[in-house]
There are 2 protein chains.
Amino acid sequence: MPNRRVYFFGEGKADGRGEMKNILGGKGANLAEMTNLGIPVPAGFSISTKVCTYFMERDGVFPDGLEDEVTAAIRKVEAAMGTGFGDPENPLLFSVRSGARVSMPGMMDTVLNIGLNEKTAAGLIKKTSDERFVYDSYRRLIQMYADVVMGLDIEAFHAILDARKKEKGAWHDLDLDADDLKSITADYKTKVKELSGRDFPDDPMEQLWGAIRAVFDSWNIPRAISYRRLNEIPDDWGTAVNVQAMVFGNMGTDSATGVAFTRDPATGERVFYGEYLPNAQGEDVVAGVRTPRPINLAQKKKGAEESLEETMPPIYRELETIRQKLERHYTDTQDIEFTIQDGKLWMLQTRTGKRTAEAAVRIAVEMEAEGLIDRKTAVLRVEPDQIEQLLHKRLDPAADYDVLTKGLPASPGAGVGRVVFTAEDAMGWAESGDPEKSKTVLVREETSPEDIDGMNVAQGVLTARGGMTSHAAVVARGMGKCCIAGAGDIKIDYAARTFTVDGTVVKEGDWVTLNGATGEVILGQVATVDPELSGNFATLLEWADEFRQLGVRTNADNPQDAARARSFGAEGIGLCRTEHMFFGEERIKHIRAMIMASDEGERREALGNLLPFQREDFEGILEAMEGLPVTIRLLDPPLHEFIPPDEEIGQLAADLGKDAEMMKARAEELRESNPMLGHRGCRLGITYPEVYEMQARAIYEAACALSKRGVNVKPEVMIPLVGEAKELSILRELVDRVAREVIAREKASVDIRIGTMIEIPRAALTADEVAVHADFFSFGTNDLTQMAYGYSRDDAGPFIKEYVKQGILRRDPFQSLDQRGVGQLVKMAAEKGSQANPDLHIGICGEHGGDPDSINFCHHAGLAYVSCSPFRVPVARLAASHAVLKARMRGFH
Amino acid sequence: MPNRRVYFFGEGKADGRGEMKNILGGKGANLAEMTNLGIPVPAGFSISTKVCTYFMERDGVFPDGLEDEVTAAIRKVEAAMGTGFGDPENPLLFSVRSGARVSMPGMMDTVLNIGLNEKTAAGLIKKTSDERFVYDSYRRLIQMYADVVMGLDIEAFHAILDARKKEKGAWHDLDLDADDLKSITADYKTKVKELSGRDFPDDPMEQLWGAIRAVFDSWNIPRAISYRRLNEIPDDWGTAVNVQAMVFGNMGTDSATGVAFTRDPATGERVFYGEYLPNAQGEDVVAGVRTPRPINLAQKKKGAEESLEETMPPIYRELETIRQKLERHYTDTQDIEFTIQDGKLWMLQTRTGKRTAEAAVRIAVEMEAEGLIDRKTAVLRVEPDQIEQLLHKRLDPAADYDVLTKGLPASPGAGVGRVVFTAEDAMGWAESGDPEKSKTVLVREETSPEDIDGMNVAQGVLTARGGMTSHAAVVARGMGKCCIAGAGDIKIDYAARTFTVDGTVVKEGDWVTLNGATGEVILGQVATVDPELSGNFATLLEWADEFRQLGVRTNADNPQDAARARSFGAEGIGLCRTEHMFFGEERIKHIRAMIMASDEGERREALGNLLPFQREDFEGILEAMEGLPVTIRLLDPPLHEFIPPDEEIGQLAADLGKDAEMMKARAEELRESNPMLGHRGCRLGITYPEVYEMQARAIYEAACALSKRGVNVKPEVMIPLVGEAKELSILRELVDRVAREVIAREKASVDIRIGTMIEIPRAALTADEVAVHADFFSFGTNDLTQMAYGYSRDDAGPFIKEYVKQGILRRDPFQSLDQRGVGQLVKMAAEKGSQANPDLHIGICGEHGGDPDSINFCHHAGLAYVSCSPFRVPVARLAASHAVLKARMRGFH
């Protein structure tokens, strides 16, 4: 067994098992599992992912002995199916498909109908009496093989097909007859010879090995690499290759092919949800070439074509039984592929069904109610990153709009953007930096794997063809991107860069709005609203709260954000920046006067004018967070951020009654070569103590005023950018002194809590010294990352992108905490800090506080809370519970 | 004993010992030691430094019981000296002096003649028959006490004295008679009452306690704080107070006072070297008010007044005996103070003599030869920081110049600068940022402790009065600053800001040159030369080399610097920066073309033009360092450093045949908000691999060419700014590939060694991962400090200065490695790196590589070498041996 590289399945018995995904890939493991469950699966075998790794490392060499193992497996398949590979009398055809540990839909290559040549074709015709089907299969083989295995230009083959259709006045492939397809097959062969200089291979074994090789190779084609990067799939996992006996959904009217979800993947509703195409191969459904029909009456819309439930009732009932068996077995929603050949049902694949965030939440909560899973499992079933979309905009229910047309509601949410017609344009406009152009809606006939990057940056995706399981729909749901598929009324003219609906012409750059919940396409920009946290979503998060140990706070600078975050479950403010409060028109005047002051006296005067504004700010925010802690960071950025541009200095000087030249000189003096490493944060507090004094006074005056009105306030003052313990000890003393003065004067009772951000590497390294002066630490992982890597966030964008592309960085360290490097500083500081000061309360308030991986890290680093932007609060609640539950699964408590 | 706070000494027996400096201060410990050695020392007692600390912490409160201990000690002094404190018949007078662990000459306060009032004055007159002396002492007491203890304006007292001198037509104080001084004493008392509202205290005990309190308080006067900062003396050491029976050098013609060094402190020559003043108190010598006489014939210049050897031969012989006893006892040069009272010699002080670097080296080498000390001790006797001056400029021996005047060669070296007349001006001009003004020579009648900061920034110091042991001379020697003292021919007019020598007027701002070796003052700027490393200096460094374990390399970018460093003992180049090579006129053109290239092709073309230049550079430097390793760092700075200023872009565009607007846009694109954290170092190597390719090619083509000519070359290629191991692995592969290609093509044999700088905190944190791709690590502690602290070197100057002033930072971390913070990263990286790669060779090439404290740290962190600027190489050799020897002294081997 340990050296086995080829795993057979068939006739109710498989070499592999469902949990062997690492070796068999998801598809192969499930085929084995389904076989073992007694579900009808065409026989076949899987070649291990280890062979892929071997093959890659040795630049395309297979391990010794593989050929013998494959040959032995073919013999078993022949026995199971009662056919022979290459047997002209009773030919066996194979599909050859990829299958990685996790699904990468459409990313890698597939070759079907392996084993056809003139002899087996003749045999198959004799056996099926269907020459049209056989030549259709044969020409499909050549077309795929030429493309995937031989790397020839696929357009040349499309051209042959299209030319024939034109000649015959045919619209669908189905309108071509056997002779047409036979002739096309011949033309294809000629074309192969012409383009490659070689004959199309007749030998079934040669075909098979070519296909196996091509599927392994396709692990490293650009779209697959791009998908892996987007989904963080390691390059060294490799793919398995599944070689399986072909069954045919295109053998006539009692044949069909289809895909289905055991529950609705968009809403999560517990209905059998699927589509099928009579007399077709599976690729036709997935590629969205023909719009498929519903599998049952429940989904049948008025005027739609007959459902499978109506056309083949016994098959539908068998399918329904299998659906239930699969859900009970896997205790999760399955995405299945099936083919009906000559009235017999074959299951080709089952896998965990991708779903929208909304569906994920509903399925998890309902499966718990059904007793299929427990609460822990329900909580773990929803990916934290996915749920942010549930809190993002939907169309304003109060908005009035006219619907241009409707398509299938393939992925919910709202998408408001300018029409573009290519993925390249979507990317180009998004990167243009022009805010007028950056929001786009990508409009395509259908999408293909090459479009992924473009879909990723667009606000929404609209396709004219394809169903709920088309490429566009599946990928968009995975991305949490709004998508409307199969909007058949729209006619796209790529050349003119327009689409038309009933005479209305929509041009590139025009605004459109997509309503992913309904499938409505609307001209112009429709207002959107922020949704509430309620229903199943609220239930799931309450369950999550039962498990999590990390507190979740929010980063908010004003009462509105604070209130919203609170409604999303925030348990306090972890970071209230005070500098954003200075930009109001009335305020910027005073802050500029403060900066331009010639001496401490002038500075104090300007600060005196700012005090009432700051006090008001703090009253608002402390009141909005009544009963919860509010961590207020004192002034942090370099002063020059508040300096007016050169051309405004004259006016400012006049306003302040100062000399413009002197002001310019002062502005010049404040300018820094590397402001991020300059005179900012507590360095300002040390050199201009009166600034922090004013802020401390405003905070405690606000707190005392509220406290005297009976409001329970919990202000915490945070000193930024500490790199040396003495900075904190000096400024702590200053804030403490002011706080005591104010509290004594006001005869109020307010707790004084003073702490620091840990954002300078040296503060982390000397955290034991810093901690003795701090009531709390809050990791400012943005700056910590900036300095640990030496990456300026303002400048590093271009090369970080390049680094991620080249695989030098796994992810942008500003998005997901670098656990190997920056994480060491976090752990070190948390440990040293806690040892030196056992009462130290430790959290994180960098952007990473809303990133699930980073939250998991913070949990294990022993932090008390994370703080993130309001919309990430639910994400953080869920991620924090995942951290606990996943550790339990690994045996930690 | 443990609770003893007052330590008596006298009559050949002392409570303290020489090694008790921490408690008794240097002066107190030596008085005890001398007493125990049987040397004649006036009796007295020392109040412990612990009392100072107690006193400071409690804002001026003395510990209980101190008063009783002091009173008991006074009784013992009275018994020893046969006099009584406050006894009108036979009065005992006390001096009250400070004394810290290390000498802080003139920094703290002293009060003399404590115990005088009308009654004891009368008694003393009766005893000495010298009314003039007694009233002179009395008025001195009042003057000092009013100043130091009572804090009154000293100028008011000078005015009284000057008025009287004017009235009498007197030039010297000596020209005033007893009546004058008696009348002055009365006027002083009136003035005290007028200014303070209080009578001058008559009670000797009140006088004594006031003086003790004032001396303790003087630990925290600004000039003392400033001196401690400059000399890195901790604030919490505190001072002892030495209360000692007064003896008088001003009791008539067979009285005198003097200071001496057991060897010449300027040259180190083994001669008894000193000065005395007949009929004077010690303050007169040190303050430089009168120009003193030589103590012996050996030093007597033509026309000088009689030496002590001539005027008091027996005393001189006794002094000579004591000199020898002291040198044998202390095995080091001593700086002694003595007083002759009525023909009896009293030793007032002995301490380790300050000396110039030249003297330190000569004394150490000669004492070893004399068998006084061993080689280790000799090496330890010379401070590494001090010897850099031995390598700095002296006047060019070939230069022709006219001497304006001559003074005493008080401190050697050359000082070329513009004349200023106040310490404030010296500082102001130095900080002006104007290179035309920054170099000054400070010209004063005499200097005082308030002038220290100004002396520190000046190129040299010139005084009109004072001798070889005057304030200016002592302080300048300590600083290693060129000084000419007692140039009596110069007449200074502070008001006019000029000085005059025989009718030649020299104005503020005029250039002068001082020759510290000869005492010559020269108008204008005389050329200077770099000296060689030879003689005693070479011997000492050879001894140092016997002990040190660290290698010493140099940072050099051109063959001249490399050759110089090699002559100073550099064992290789630790950092050869390649970007400095791009600034030549021919080169900057190509580098700009490279930067402005629109695509890789254009970039490669420009790089091709640079290749020959780089190859030539590397040939030069590799040849200069034949047989030694040369670490060449690939391009490091952000490209925009090479961009021409906006106004030159038009011309550049024309030269390159490009569109100026496009060029401006490209320049804009390259501009960064925080270039230190931007697109630079290996990030450029990753995104523009062709740049590093060209550099690697140039290096190995140069190496191969030399190797084929039989030159032994050892190039090492260093990749800068690595933060993630993959950066290094990619670029290592690139350099390695190019190197192999070149070596194979040239059929040469050159070792390929590729390593990285550790300058990004994350590289230190993940050093285990980085090390597997590196042959060596070199710590770039400049950047490492920059990022660990978040301090931009370009911007942080102003607040770092403020931080040092406030004591938040002990030293500027860019000058001396921050061992507590940045040092952790260095240790961590060295440990992790060596564990992951046992062959890893580790050094340091930041500025810290030349700082003795940092070198000591590097030794203990297990580094293999330090690299520093050429002139610091000898410093590093010596510091590296000190690291070993000091560790041995602490019991480590």
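Everything below is about the structure printed above this text.
Let me sum up the structure you'll find in this document. Note that the coordinates shown come from a computational prediction; the quantities given were computed from them, not determined experimentally.

## Brief notes about the overall build of chain A
Secondary structure summary: chain A contains 34 helices and 32 strands in total. For 893 residues, the compact-globule formula gives about 29 Å, and the C-alpha radius of gyration of chain A, at 32 Å, lands near that figure. C-alpha atoms of chain A, sized along the principal axes, occupy 105 × 60 × 50 Å. Evaluated residue by residue, chain A yields a buried proportion of 59% over its 893 residues. Taking the contacts inside chain A whose residues are at least 6 apart along the sequence as the reference set, 69% of them involve residues at least 24 apart. For chain A, the accessible area works out to roughly 34,200 Å², and carbon and sulfur atoms hold 47% of it.

## Description of the sheet that holds strand β13 (residues 344–352) of chain B
Residues and elements named next belong to chain B. Strand order in this open sheet of five strands is β11-β10-β9-β12-β13, and the pairing throughout is antiparallel. Each edge of the open sheet carries a strand with a single partner, namely β11 (293–294) and β13. Of the strand pairs in this sheet, strand β9 (residues 256–261) and strand β12 (residues 334–341) are connected by six bridges, and their pairing is antiparallel. Looking at the pairing, F261 lines up with D335 of β12.

## Regarding the relation of the copies chain A and chain B
Expressed as a screw transformation, the operator carrying chain A onto chain B has a rotation angle of 179° and an axial translation of 0.1 Å, and the superposed copies differ by an RMSD of 0.1 Å. Each copy turns onto its partner about a two-fold axis. Identified as the residue of chain A closest to the rotation axis by C-alpha distance is N674(A), at 2.1 Å. Interface overlap between copies is the fraction of interface residues in one copy that are interface residues in the other; for chain A against chain B it reaches 100%, indicating a shared surface.

## Overview of the packing of aromatic side chains
Residue and element names in this part refer to chain B. Counted by the stated rule, this structure contains 34 aromatic pairs over all chains. Taking 6.0 Å as the distance between ring centres and 75° as the angle between the ring planes, the aromatic pair formed by F45 and F94 counts as edge-to-face. One end of the pair, F45, is in strand β3 (residues 44–47); the other, F94, is in strand β6 (residues 94–100), with 49 residues separating them in the sequence. Relative to F642, the ring of F582 lies with its centre 6.0 Å away and its plane at 75°, an arrangement referred to as edge-to-face.

## Observations concerning the packing of helix α2 (residues 49–57) of chain A against helix α8 (residues 204–217) of chain A
Residues and elements named next belong to chain A. Where α2 contacts α8, the axes come no closer than 10 Å and their chain directions differ by 80°. Viewed along their axes, α2 and α8 adopt a mutual orientation that is roughly perpendicular. Across from V51, C52, F55 and M56 in α2, the residues of α8 making contact are R213, F216 and D217. Here the contact of α2 with α8 is built from residues that sort into five nonpolar, no polar and two charged.

## Some thoughts on the interface of chain A and chain B
Each partner contributes residues to the interface: chain A has 44 residues there, and chain B has 44 residues. Regarding the contact of chain A and chain B, the summed buried area is about 4,100 Å², with carbon and sulfur atoms giving 55% of it. Broken down residue by residue, the surface that chain A buries against chain B is led by N674(A), L677(A) and R762(A), which jointly contribute 16%. Summed over the shared surface of chain A and chain B, the number is six salt bridges. A salt bridge links E769(A) to R820(B); the nearest nitrogen and oxygen atoms lie 2.3 Å apart. For the interface between chain A and chain B, the tally reads 32 residue pairs in polar contact (both at pLDDT 80 or more).

Conventions we followed
Residues numbered from 1 in each chain as written. Chains lettered and ligands numbered in written order. Predicted model: local features only at pLDDT ≥ 70, side-chain atom pairs only at ≥ 80, totals over all residues. Heavy atoms only, no water. Helix = DSSP H or I, 4+ residues; strand = E, 2+ residues; numbered from the N terminus. Rg over C-alpha atoms; globule rule 2.2 N^0.38 Å. Buried < 20%, exposed > 50% of the residue type's maximum accessible area, 1.4 Å probe, protein only. Contact = heavy atoms within 4.5 Å. Areas by Shrake-Rupley, 256 points an atom, 1.4 Å probe, with all protein chains shown as cover. Pairing = 2+ DSSP bridges. Least-squares fit on C-alpha atoms with pLDDT ≥ 70 in both. Phe/Tyr/Trp six-rings, centres within 6.5 Å; stacked < 30°, edge-to-face > 60°. Axes fitted to C-alpha atoms, helices over the stretch in contact; angles between N-to-C directions. Parallel < 35°, antiparallel > 145°, perpendicular 65-115°, else oblique. Nonpolar A, V, L, I, M, F, W, Y, C, P; charged D, E, K, R; others polar. Buried area = accessible area lost by both parts, 1.4 Å probe. Salt bridge = Lys/Arg side-chain N within 4 Å of Asp/Glu carboxyl O. Polar contact = N/O pair within 3.5 Å; in protein donor to acceptor, adjacent residues only side chain to side chain.

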